[in-house]
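Below, each chain spelled out in residue letters.
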Amino acid sequence: MSKTYISFVQELILKKEIRKPIYVRELSKIVSFEYNLPIEKATAAVSVALKRIMDSNMIPELKFYQKGIYYRTVSTPFGNVGIDKEQLIQDKYLYDDNGYESGFDFLYKLGLSTQIPNKRVLITNKAGDCARIDKKLNVVVRPPKIEINKENKQYLKVLDVLDIFENAPIDVEEPYGVIRSYISQLGLEYSKLLAMANNYYNKNTILQLGKVAGGLMWNYITI
């Protein structure tokens, strides 16, 4: 006899790591495949199974986060631990090279500033047409200059840093050297940086790129 939907979903949940998001859509895909069901019926079956599991307290550590998302918690001396919000951010905004971190918080992570901003900035294809605040995840999401993909993501990250450079709380002695080292570490090409700066950024960004590159690029920069 095949397993019931409830017992099967219960097994899937128990395989998930503590704190990691459990998405109804992912459970539904697995149930759809396992039981050869259309995705709509599989989603309905998963929803019913989750309600039974929650109502009957079959998995005491299973918690509801928001519509379509659950997680497993664990008790500590300070209370139950919450969902892994870093994973939520990754899954919602940054997966498959859809986005990257930017803003003053990214400058801090690069070692360009010692000031820690109270909000993180994410540049993402999932932002829509304008910037907004995701209050639940405490991040600012902004649309990119152009659609982000695997090939251009690191280039856009560098140019975004240069774009805010003049107004940023930079407090290291050799900030351009830090960015130069970052570019070298990623193996980025200055010619591609310059081309993208010319096409999508302003003159100030191009000037900042010239300062990073030193004398190597001034012959190629026309403003």
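Shown above is the structure to which this text applies.
Residues numbered from 1 in each chain as written. Predicted model: local features only at pLDDT ≥ 70, side-chain atom pairs only at ≥ 80, totals over all residues. Heavy atoms only, no water.

I'd like a description of the overall build of the protein, backed by residues and values.
Along the backbone of the protein there are nine helices and nine strands. In terms of principal-axis extent, the alpha carbons of the protein reach across some 75 × 45 × 30 Å. Long-range contacts, defined here as pairs at least 24 residues apart, represent 56% of the contacts in the protein between residues at least 6 apart. Carbon and sulfur atoms provide 51% of the accessible area of the protein, an area that totals close to 12900 Å². Of the side-chain charges in the protein, 31 are positive and 25 negative, and the distance between the mean point of each set is 6 Å. (Helix = DSSP H or I, 4+ residues; strand = E, 2+ residues; numbered from the N terminus. Contact = heavy atoms within 4.5 Å. Areas by Shrake-Rupley, 256 points an atom, 1.4 Å probe, with all protein chains shown as cover. Lys, Arg positive; Asp, Glu negative; His and termini not counted. Charge placed at Lys NZ, Arg CZ, Asp CG, Glu CD.)

Describe the pattern of salt bridges, and please don't skip the residues or the numbers.
Scanning all chains against the criterion turns up 13 salt bridges. Glu86 is the salt-bridge partner of Arg120, the closest N and O atoms lying 2.5 Å from each other. Taken together, the residues span a long stretch of sequence, with Arg120 in strand β7 (residues 120-124) and Glu86 in helix α4 (residues 85-94) at a distance of 34 residues. Looking at Arg120, the relative accessible area reads 14%, which means it is buried. Put simply, Asp105 and Lys109 hold a salt bridge, and the shortest N to O gap is 3.4 Å. With a gap of four residues between them, Asp105 and Lys109 both fall in helix α5 (residues 103-110), about one helical turn apart. Residue classification places Asp105 among the buried residues on the basis of a relative accessible area of 7%. A relative accessible area of 48% places Lys109 in the partly exposed class. (Salt bridge = Lys/Arg side-chain N within 4 Å of Asp/Glu carboxyl O. Buried < 20%, exposed > 50% of the residue type's maximum accessible area, 1.4 Å probe, protein only.)

With reference to specific residues and values, describe the nonpolar core.
With 29 residues, the main nonpolar core has Val158 and Ile179 as its most contacted residues. At the level of secondary structure, the elements contributing two or more residues to this core comprise α5, β7, α6 (153-163), α7 (175-186), α8 (190-200) and α9 (203-213). It is α6 that contributes the most residues to this core, six residues altogether. If we ignore the near neighbours within four places in the chain, the residues touching Ile179 are Leu112, Val158, Val161, Leu162, Phe165 and Val212. Counting 19 residues, the second-largest nonpolar core is a separate cluster that includes Val31, Tyr35, Leu37 and Leu62. (Core = buried A, V, L, I, M, F, W, Y, C linked by side-chain atoms within 4.5 Å.)

Hey, could you go over α7 for me, with residue numbers and the actual values?
One full turn of an α-helix is made of 3.6 residues, so residues set three or four places apart face in the same direction. Look at α7: 17 Å from first C-alpha to last across twelve residues, which is about the 16 Å you get at 1.5 Å a residue. When α7 is considered as a whole, its buried residues turn out to be Pro175, Gly177, Ile179, Tyr182 and Ile183. The positive-phi residue at the C-terminal boundary of α7 is Gly187, with phi of around 70°. (Expected span 1.5 Å × (residues − 1).)

Can you lay out the packing of aromatic side chains for me, pointing to particular residues and giving the numbers?
Across all of its chains, the model carries five aromatic pairs by this definition. Summarising the aromatic geometry, the rings of Tyr5 and Tyr35 are spaced 4.9 Å apart at their centres and angled 80° between planes, so their arrangement reads as edge-to-face. One end of the pair, Tyr5, is in helix α1 (residues 5-14); the other, Tyr35, is in helix α2 (residues 24-35), and 30 residues separate them in sequence. With a relative accessible area of 34%, Tyr5 lands in the partly exposed category. Measuring from centroid to centroid gives 5.4 Å for Phe64 and Tyr70, while their planes differ by 75°, and the two rings are edge-to-face. On the basis of relative accessible area, Phe64 is assigned to the partly exposed category, the value being 46%. (Phe/Tyr/Trp six-rings, centres within 6.5 Å; stacked < 30°, edge-to-face > 60°.)

Report on the sheet that holds strand β8 (residues 132-134), specifying residues and quantitative values.
In space, the four strands of this open sheet follow the order β6-β7-β9-β8, with mixed pairing throughout. This sheet does not close on itself; its edge strands, each paired only once, are β6 (99-102) and β8. Direction aside, the axes of adjacent strands within the sheet are offset by 35° on average. As paired elements, β6 and β7 share four bridges and run antiparallel to each other. Note that in β7 the partner of Ser102 across the bridge is Val121. Here α4 sits on the sheet in contact with β6, β7, β8 and β9 (139-142), set at roughly 30° to β7. With respect to the sheet, α6 is in contact with β6 and β7, its orientation differing from that of β6 by roughly 20°. (Pairing = 2+ DSSP bridges. Axes fitted to C-alpha atoms, helices over the stretch in contact; angles between N-to-C directions.)

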